[in-house]
Amino acid sequence: TTTHRITSLDRRPSIVTMPVAIKAYAAHSASLDDFKHIDAERHDVGDDDVAFDISFCGLCHTDIHFVENDLGNTMYPLTPGHELIGTVTSVGKNVTKFSVGDKIGVGCMVDSCKSCKFCAQDEEQYCATGSTFTYGGVTQYGRAGPNGKPTIGGYSNKMVVNENFAIKVPAEAPLDKSAPLLCAGITMYDPLKAFDCKPGMRVGIAGVGGLGQMGIKIAAAMGATVIAISRSPDKEADAKAIGAHEFLVSTDENAMKAAAGSMDLILDTISACHDAEMYSDLLATKGTLVMIGLQMAPVASSCAKFLFKRISITGSLIGGIKNTQEMMDFCVSNNIYPDIEVIKTDKISECMHKLKDGNDRIVRYVLDCSSI
């Protein structure tokens, strides 16, 4: 929304931007039980921006880390949510990728420097001066509103984003099931692509929850033999139903010993603090363990494994905008969506506690933003 103001000293009209009023659901302290409805504002739609009504936003374990201030930099009130999806309501005059009525998504980033070598390589998540997160960040590059402002996430009803940080969602994609693709989907797709997941590879997915289920589905679609790894034997049938070829119980010592050296790639999605040593034991020579879950404890493994088997232990965050769009198109064309449960705001605290306690269900919780 814009208005024109004419002063007595200057008859030329000047553009006065009007912020977009929104409703949001925000944490007011480091407690998962301290959420409240708030009124907030987003910046107006600039020439390169897209505005959309948010239909759904997925809940992510990262939301818990930010609410509980695990990284030590949370600013309250905090409106989490980086799996936003909805319908375009207006576009700036320079926008070419979107039109009113299009389906649109926003993932974990809303800006980056766009000039460092990582941004040039379409890996904005590793921006040398720091990408601007969709929530819990501070604007600094001018494309996500006035600099120095905290970013507001997807537990809200409206969004404004620079078109270069928005994802086109195919018309046939269901909005509720597609929302988690914007974090869970790309978080799994990016390392699977980076480490050349393909037929003939044996890929382990450690942790069979809201994030792990996407790893199973995507790796299976890429042609790999997928081994679901979980502490819970009760998840075997469900894991195989969504694409796992084998199931390994991590608390079964004999089964873990029998599986030693059998996997080329393992994605460790577990966010709770745990010993990653047992997963590195499963790697074949030159195998790679990718840490994805944001556990806060140090990761250790015997040096001998690195020397005698040339294994690698690395990490992966999310993915750049190019790969996120590629992932969205891949998942929709292959009918890959997470199993979800749609909730309203009154269930957010309860579901966050379930996620923190281990998420015994293979499900991704998705907020119906009409309830805000």
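Structure shown above.
Source: prediction; values computed, not measured. (Residues numbered from 1 in each chain as written. Predicted model: local features only at pLDDT ≥ 70, side-chain atom pairs only at ≥ 80, totals over all residues. Heavy atoms only, no water.)

## So, unusual backbone geometry
The omega torsion of the bond from Tyr76 to Pro77 falls at -5°, within 30 degrees of zero and hence cis. Following the sequence through the fold, Pro77 ends up in the loop between helix H1 (61-67) and strand S6 (84-91). The residue Asn69 is not glycine, and still its phi comes out positive at about 60°. Along the chain, the position of Asn69 falls in the loop between H1 and S6. In the Ramachandran plot, Asp196 falls in the positive-phi region, its phi being about 60° despite a non-glycine side chain. (Helix = DSSP H or I, 4+ residues; strand = E, 2+ residues; numbered from the N terminus.)

## Quick look at helix H5 (residues 212-221)
Where burial is concerned, most of H5 is hidden: 8 out of the 10 residues are buried. By the burial criterion, the buried members of H5 are Gly212, Gln213, Met214, Gly215, Ile216, Lys217, Ile218 and Ala219. Those residues of H5 hidden inside the fold are in contact with helix H4 (184-194), strand S12 (202-206), strand S13 (225-230), helix H6 (236-241), helix H10 (321-333) and strand S19 (364-368). (Buried < 20%, exposed > 50% of the residue type's maximum accessible area, 1.4 Å probe, protein only. Contact = heavy atoms within 4.5 Å.)

## Here we look at a nonpolar patch on the surface
On the surface, a cluster of nonpolar side chains totalling about 380 Å² of accessible area is made up of Phe306, Leu307 and Phe308. Its place among the elements puts Phe306 in helix H9 (residues 303-309). (Patch = residues over 30% accessible without salt bridge, like charges linked within 9 Å, V, L, I, M, F, W, Y side chains within 5 Å. Areas by Shrake-Rupley, 256 points an atom, 1.4 Å probe, with all protein chains shown as cover. Salt bridge = Lys/Arg side-chain N within 4 Å of Asp/Glu carboxyl O.)

## Structural notes on H4
Most of H4 sits inside the fold, with 9 of its 11 residues counted as buried. For H4, the set of buried residues is Ala184, Gly185, Ile186, Thr187, Met188, Tyr189, Asp190, Pro191 and Leu192. Where the residues of H4 are buried, they touch S12, H5, strand S15 (263-268), strand S16 (283-291), H10 and S19. Where H4 terminates, the next one or two residues include Asp196, which has phi positive at roughly 60°.

## Considering the side chain of Arg364
Mapped onto the secondary structure, Arg364 falls in strand S19. Accessibility expressed as a relative area gives 6% for Arg364, which makes it buried. Of the polar contacts made by the side chain of Arg364, one reaches the backbone oxygen of Leu59; its length is 3.4 Å. (Polar contact = N/O pair within 3.5 Å; in protein donor to acceptor, adjacent residues only side chain to side chain.)

## Some points on the pattern of salt bridges
Applying the stated criterion across every chain, the model contains 17 salt bridges. Its salt-bridge partner being Lys93, residue Asp47 comes within 4.0 Å of it at the nearest N-O pair. Taken as a pair, Asp47 in the loop between strand S4 (35-42) and strand S5 (49-58) and Lys93 in the loop between S6 and strand S7 (103-106) lie far apart in primary sequence, 46 residues in all. Between Asp339 and Lys217 there is a salt bridge, and its shortest N-O distance comes to 3.5 Å. Placement of Asp339 in the loop between H10 and strand S18 (340-343) and of Lys217 in helix H5 is noted, with a sequence separation of 122 residues between them. By relative accessible area, Asp339 is classed as partly exposed at 35%. Taken together, the salt bridges that share partners define one network made up of Lys347, Glu350 and Lys354.

## Considerations on the packing of H4 against H10
The geometry of H4 relative to H10 is characterised by a closest axis approach of 9 Å and an angle of 105° between their N-to-C directions. Between H4 and H10, the angle falls in the class roughly perpendicular. Across the interface between the two elements, Gly185, Ile186, Tyr189, Asp190 and Lys193 from H4 touch Asn323, Thr324, Glu326, Met327 and Phe330 from H10. By residue class, the composition of the contact of H4 with H10 is 4 nonpolar, 3 polar and 3 charged. (Axes fitted to C-alpha atoms, helices over the stretch in contact; angles between N-to-C directions. Parallel < 35°, antiparallel > 145°, perpendicular 65-115°, else oblique. Nonpolar A, V, L, I, M, F, W, Y, C, P; charged D, E, K, R; others polar.)

## A look at the state of the cysteines
Enumeration according to the criterion identifies 0 disulfides in this entry. Of all cysteine sulfurs in the structure, the one in Cys369 sits closest to Cys57, which takes part in no disulfide; the separation is 5.5 Å. Residue Cys183 stays outside any disulfide, its sulfur separated by 3.8 Å from that of Cys60, the closest cysteine. Residue classification places Cys183 among the buried residues on the basis of a relative accessible area of 5%. (Disulfide = S-S within 2.5 Å.)

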